[in-house]
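Listed below, chain by chain, are the residues.
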Amino acid sequence: MADQLPTYPITDRTCPYDPPAGLLVLQEQAPLVRVQLPTGPAWLVTSYDAARTLLDDPRMSSDMGREGFPTLYRQKMRPVLKGSFMRMDGDQHAFYRTMLAGEFSVKRVQAMRPEIEQACDQLLDEMIRQGPPANLHQSYGVPVSSRSICQLLGVPYDDAGFFTTHLEALFDPHRAGAPERIAESKAALSGYLDELVSRKEKDPGDDMISRLVADYLIPGKVDRPELLLTSYLLLAAGHETTASMITTGTAALLMHPEQLVAVRDEPHLLRGAVEELLRYLSIFQFGITRVATEDVKVGDQTVAAGEGIVVSPLLGNRDQGVYDDPHTLDVRRRGRPHLSFGHGPHLCVGHTLARIELQIAFERLLMRLPDLRLAVPESEVPFRTETLVFGTIDLPVTWGEQPAETPV
């Protein structure tokens, strides 16, 4: 029967901002639908409430080493997240969450605000100095994200070009030869972070890696490979997703000009607008994977022990039973929180920083360039729909006086 199941992931979008039609068909069928992954069958979780229920259930394991754990790709190598705290359960996972909680506290992240604002303004100064047009992703999205995560971790920003190049390999597994490229990039990044940790041991600074070295590595609470993997994961996750959200979120606003005008002219809407963009875009598009350690009943359906699930934030965030007109971008929307950072014990540890970065990045961009617009027709903006992180990495924009139309 497995070959008769609908295959997943489904990536064939007809409109870049709408979920693939095939996904919406599955959502109409049931909150949990049996699908065929590249490595075997699993349950696709299509509803908001079922997603929250399962992500909050301790019987749903994040451990990729468990029998039946679902994988979204046929990889010939060790998956990027395997062995990290994101793939731990219970007390083991709680230990790492506690270790990192203070680093991502509201107080510590808010203290970064002046430097993030300064970085945004410096980048916009350079964009304006060079004049239009510009590729917003390379000129603004990537460097805003890079500077913030470098500041938090204590990574020299002069090295941003090195790790940006290698991080790109981790989020595009569809490219030919991707497993080999991912392995090479993982090795390069691990070696870089190993050298950085050695420097922090000798000359600590006021940054996360220095504090983790002093408080956890040196006392022996974690070993070196554990610290390196945690640092690597935070660097990777904190860079790519935020950069993509800045660029793709700007593209969404530019393609919905009435929404852009509302955010630009009514600053009090900004915080809610960021949440709506996170819901609407759901850039981590393929889902969150778990495996049941016991039978788990969800509504009329039972996920048996050893069966895998894929929770789709993309579908949960477009659940018509939860959101009115869910396929419409509405920066004035209020309602239940989105699933873009996950839910439950594994809620994204960096969500506070991501939200602050996005709020500042959009606020400074729209204030400094109030007449920002696309430099190409909407149909020519390219979107990545077959990668782990959805969005555009090529956003040509312009600003200033518009050229006069040629008389007919």
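Residues numbered from 1 in each chain as written. Predicted model: local features only at pLDDT ≥ 70, side-chain atom pairs only at ≥ 80, totals over all residues. Heavy atoms only, no water.

**Details of empty space enclosed by the protein**
For step 1, the next point in the chain: Inspection of the entire model under this criterion finds 1 cavity of 30 Å³ or more.
For step 2, the next point in the chain: Forming the boundary of the largest cavity are Y8, P9, I10, R13, P20, L23, Q285, F286 and L314.
For step 3, the next point in the chain: Split by residue class, the lining of the largest cavity holds 7 nonpolar, 1 polar and 1 charged. (1 Å grid on protein atoms, 1.4 Å probe; cavity = no way out; pocket = protein on both sides within 12 Å on 5 of 7 lines; lining within 4 Å. Points joined across faces, edges and corners; volume = space filled by probe spheres on them. Nonpolar A, V, L, I, M, F, W, Y, C, P; charged D, E, K, R; others polar.)

**Looking at the sheet that holds strand β10 (residues 396-398)**
For step 1, the next point in the chain: Spatial strand order, β4-β10-β9: 3 strands in an open sheet with antiparallel pairing. Two strands in the sheet have a free side with no partner beyond their single neighbour: β4 (134-135) and β9 (373-374).
For step 2, the next point in the chain: As paired elements, β9 and β10 share 2 bridges and run antiparallel to each other. Along β10, the bridge assignment pairs R373 with T398. (Pairing = 2+ DSSP bridges. Helix = DSSP H or I, 4+ residues; strand = E, 2+ residues; numbered from the N terminus.)

**Observations concerning the sheet that holds strand β1 (residues 32-37)**
For step 1, the next point in the chain: Ordered in space as β1-β2-β8-β5-β3, the 5 strands form an open sheet in which the pairing is mixed. A strand with exactly one partner marks an edge of an open sheet, and here the two such strands are β1 and β3 (60-61).
For step 2, the next point in the chain: With 3 bridges connecting them, strand β2 (residues 40-45) and strand β8 (residues 308-311) associate as parallel partners. Paired with W43 across the two strands is I309, which belongs to β8.

**Here we look at the pattern of salt bridges**
For step 1, the next point in the chain: Evaluation of the coordinates by the stated rule reveals 22 salt bridges.
For step 2, the next point in the chain: For the salt bridge of E126 with R129, the shortest nitrogen-to-oxygen distance reads 2.6 Å. Linking E126 with R129, this pair stays in helix α5 (residues 113-130), spanning 3 residues, or about one helical turn.
For step 3, the next point in the chain: Looking at E126, the relative accessible area reads 32%, which means it is partly exposed.
For step 4, the next point in the chain: One salt bridge in this structure joins R279 and E276, with 2.9 Å as the shortest N-O distance. With R279 and E276 both in helix α12 (residues 270-281), this residue pair falls 3 residues apart, about one helical turn.
For step 5, the next point in the chain: Given a relative accessible area of 3%, E276 falls into the buried group. (Salt bridge = Lys/Arg side-chain N within 4 Å of Asp/Glu carboxyl O. Buried < 20%, exposed > 50% of the residue type's maximum accessible area, 1.4 Å probe, protein only.)

**Examining the layout of surface pockets**
For step 1, the next point in the chain: Each pocket or cavity is described by its volume, and for the second largest pocket that value is around 310 Å³.
For step 2, the next point in the chain: Taken together, 18 residues form the lining of the second largest pocket, with E275, G335, R336, P337 and H338 sitting closest to its centre.
For step 3, the next point in the chain: Ranked by residues supplied to the lining of the second largest pocket, first place goes to α12 with 4 residues.
For step 4, the next point in the chain: The residue makeup of the lining of the second largest pocket, split by class, is 5 nonpolar, 5 polar and 8 charged.

**Brief notes about the packing of α12 against helix α14 (residues 351-368)**
For step 1, the next point in the chain: Running from N to C, α12 and α14 cross one another at 115 degrees; their axes reach a closest spacing of 10 Å. By the angle class used here, α12 and α14 are roughly perpendicular. As α12 runs across α14, the sense of the crossing is right-handed. Contacts from L270, R271, V274, E275, L277 and L278 in α12 reach R355, L358, Q359, F362 and E363 in α14.
For step 2, the next point in the chain: Among the residues making up the contact of α12 with α14, the classes are represented as 6 nonpolar, 1 polar and 4 charged. (Axes fitted to C-alpha atoms, helices over the stretch in contact; angles between N-to-C directions. Parallel < 35°, antiparallel > 145°, perpendicular 65-115°, else oblique. Left-handed = near helix turned anticlockwise from the far one by under 90°. Contact = heavy atoms within 4.5 Å.)

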